[in-house]
2 protein chains.
Amino acid sequence: MMKIQLALDRLTINQAIALTNKVVDFVDVIEVGTSLIKEFGMGSVSELKQAFPTKQILADIKTIDNARYELELCYQAGADITTVMGSAHPLTIEQCIQFAQANNKDLMIDLLNLNAHQKEQLFANADDHLYFCEHISKDEQELGIPRKKTFSRRDDKLRRIAIAGGITIQTLPQYIQQQPNIIIVGSAITQADDPVEVAKELSKHIRGADHE
Amino acid sequence: MMKIQLALDRLTINQAIALTNKVVDFVDVIEVGTSLIKEFGMGSVSELKQAFPTKQILADIKTIDNARYELELCYQAGADITTVMGSAHPLTIEQCIQFAQANNKDLMIDLLNLNAHQKEQLFANADDHLYFCEHISKDEQELGIPRKKTFSRRDDKLRRIAIAGGITIQTLPQYIQQQPNIIIVGSAITQADDPVEVAKELSKHIRGADHE
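Residues numbered from 1 in each chain as written. Chains lettered and ligands numbered in written order. Predicted model: local features only at pLDDT ≥ 70, side-chain atom pairs only at ≥ 80, totals over all residues. Heavy atoms only, no water.

Draft legend 1. How the structure looks around the sheet that holds strand β7 (residues 160-164) of chain B. All names here are of chain B. Taken in spatial order, the eight strands close into a barrel running β1-β2-β3-β4-β5-β6-β7-β8, and their pairing is parallel. Put simply, the sheet's adjacent strands are angled 25 degrees from each other on average, direction ignored. In this structure, strand β3 (residues 56-63) lies alongside strand β4 (residues 81-85), joined through three bridges in parallel fashion. By the bridge assignment, Leu58 is partnered in β4 with Ile81. Against the sheet, helix α1 (residues 13-23) makes contact with β1 (3-8) and β2 (29-32), and its axis sits at roughly 155 degrees relative to β1, the strand it touches most. (Pairing = 2+ DSSP bridges. Helix = DSSP H or I, 4+ residues; strand = E, 2+ residues; numbered from the N terminus. Axes fitted to C-alpha atoms, helices over the stretch in contact; angles between N-to-C directions. Contact = heavy atoms within 4.5 Å.)

In structure tokens form, the structure reads like this:
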């Protein structure tokens, strides 16, 4: 099943909860965005988990060092998944993988700004609890840098893939075609005039794609 | 003048303030560590700035995307310097440089886990308000990975350099020899039985080195 992850960024915690309340039926994973964590700390993760205890909560902590300490913070706050930068030292990534495994948690490796060779090395770690996130930065999106096609699901049945960065209803079909495991949507929902309508529409396409 | 930066990590905000109060005369820059920011949010930066308004406060925000938004958060909280990952997309680094400049702030580029070629490309940006931080991760330190000699000040008079990662009184002399602009010390002070004694000793060596 292809999942939808709602990325909550550039909001207060209360705004994030209010927004999520409206669209919660149409999303599978709730992402507490890096901007919420850096602005409000772990309270952002624990408040979202308390508000939506039955949903998977991803803490987009973007670990780049201090692996075990950061993961412990996230797990104590109720996170089900955390993120680590693919550009971190291999030891940091390895520690995240091991510590997530020991705690029965999933982990997402953020492939932001990595070249093909660096990605290949990371893919060697593929397992059922590890997601690789093909991610275009906000800074690139805002400057209108076009996304390059980065992978095709047909190449690789093993890896679990998430796609993130400026995905909208208009651009959704090309990502669905690539058959990722998770499609991450942020501002297309959070900044929409009618977030419910957008979330419903995205969900219809994404869940519909599973039955094709 | 070679400066000492006190890195505050793995502490509560109150512990960080209490510790800093004891050693504040022996340090030049107070670093609100990444772990404080991720655990407590921007409150960690604003409380440290309020407690030590005449000191330079570095927010170790480790920006890797969302440059302008994160820098605004830090500046509103009272930060004088912020950090950006050298592994971020070049656009993100460029935006940090420009936005720091527009706000009369200094910026530190964290060279964690970059190779020589990647560092060289970043050094092209060198100016008086830009620090390059030669940084060994906590995760490497804790696994006992030895530090490689990474630069010699004599090679390059222009670049402003900071050195970070597990520096102690014992290892200090080799770093002083390299003549960085900033020596960053964390656990050697914060975890010491007598933080004041250690800070005083480090300060004596570092400030003494300026008069050699």
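Draft legend 2. The arrangement of the environment of Gly165(B) in detail. Residues and elements named next belong to chain B. Structurally, Gly165 can be placed in the loop between β7 and α8 (172-177). Taking relative accessible area as the criterion, Gly165 reaches 15% and is therefore assigned buried. The sequence separation of Gly165 and Lys200 amounts to 35 residues, and the corresponding C-alpha distance is 19 Å. Among residues more than four places away in sequence, those in contact with Gly165 are Ile136, Gln141, Arg147 and Ile184. (Buried < 20%, exposed > 50% of the residue type's maximum accessible area, 1.4 Å probe, protein only.)

Draft legend 3. Structural view of the packing of aromatic side chains. In the structure shown here, the tally under the stated rule is four aromatic pairs over all chains. The interplanar angle of 15 degrees and the centroid separation of 6.1 Å between the aromatic rings of Tyr75(A) and Phe99(A) together place this pair among those described as stacked. On the criterion of sequence distance, the pair formed by Tyr75(A) in helix α4 (residues 67-76) and Phe99(A) in helix α5 (residues 90-102) is long-range, its members being 24 residues apart. Each member of the pair, Tyr75(A) together with Phe99(A), is buried. Arranged with centres 4.9 Å apart and planes meeting at 90 degrees, the rings of Phe123(B) and Phe132(B) form a pair that is edge-to-face. Given the relative accessible area of 12%, Phe123(B) is considered buried. Positioned above the aromatic ring of Phe123(B) is the side chain of Arg159(B), whose terminal nitrogen or guanidinium carbon lies 3.8 Å from the ring centre. (Phe/Tyr/Trp six-rings, centres within 6.5 Å; stacked < 30°, edge-to-face > 60°. Lys NZ or Arg CZ within 6 Å of the ring centre and 35° of its normal.)

Draft legend 4. Highlighting the relation of the copies chain B and chain A. Each copy of the sequence occupies a distinct position, and chain B is placed on chain A by a rotation of 180 degrees and an axial shift of 0.0 Å, giving an RMSD of 0.0 Å. What the rotation and shift describe, once combined, is the action of a two-fold rotation axis. The C-alpha atom lying nearest the rotation axis in chain B is that of Gly41(B); the distance is 2.0 Å. Take the interface residues of chain B: 100% of them recur as interface residues in chain A, which is what a same-surface contact looks like. (Least-squares fit on C-alpha atoms with pLDDT ≥ 70 in both.)

Draft legend 5. Unusual backbone geometry, seen in detail. Residue Gln179(A) is not a glycine yet carries a positive backbone phi of 55 degrees. Secondary-structure assignment places Gln179(A) in the loop between α8 (172-177) and β8 (182-185). The phi angle at Lys62(B) is positive, at roughly 50 degrees, despite the residue not being glycine. Positionally, Lys62(B) belongs in strand β3.

Draft legend 6. Region of the structure containing the packing of α1(B) against helix α10 (residues 195-209) of chain B. Residue and element names in this part refer to chain B. Running from amino to carboxyl end, α1 crosses α10 at an angle of 50 degrees, the nearest separation of the two axes being 9 Å. On the basis of their axis angle, the class for α1 and α10 is oblique. Between α1 and α10 lies a crossing of right-handed hand. In this structure, α1 uses Leu19, Lys22 and Val23 to contact α10, whose residues at the interface are Pro195, Val196 and Ala199. Broken down by class, the residue content of the contact of α1 with α10 amounts to five nonpolar, no polar and one charged. (Parallel < 35°, antiparallel > 145°, perpendicular 65-115°, else oblique. Left-handed = near helix turned anticlockwise from the far one by under 90°. Nonpolar A, V, L, I, M, F, W, Y, C, P; charged D, E, K, R; others polar.)

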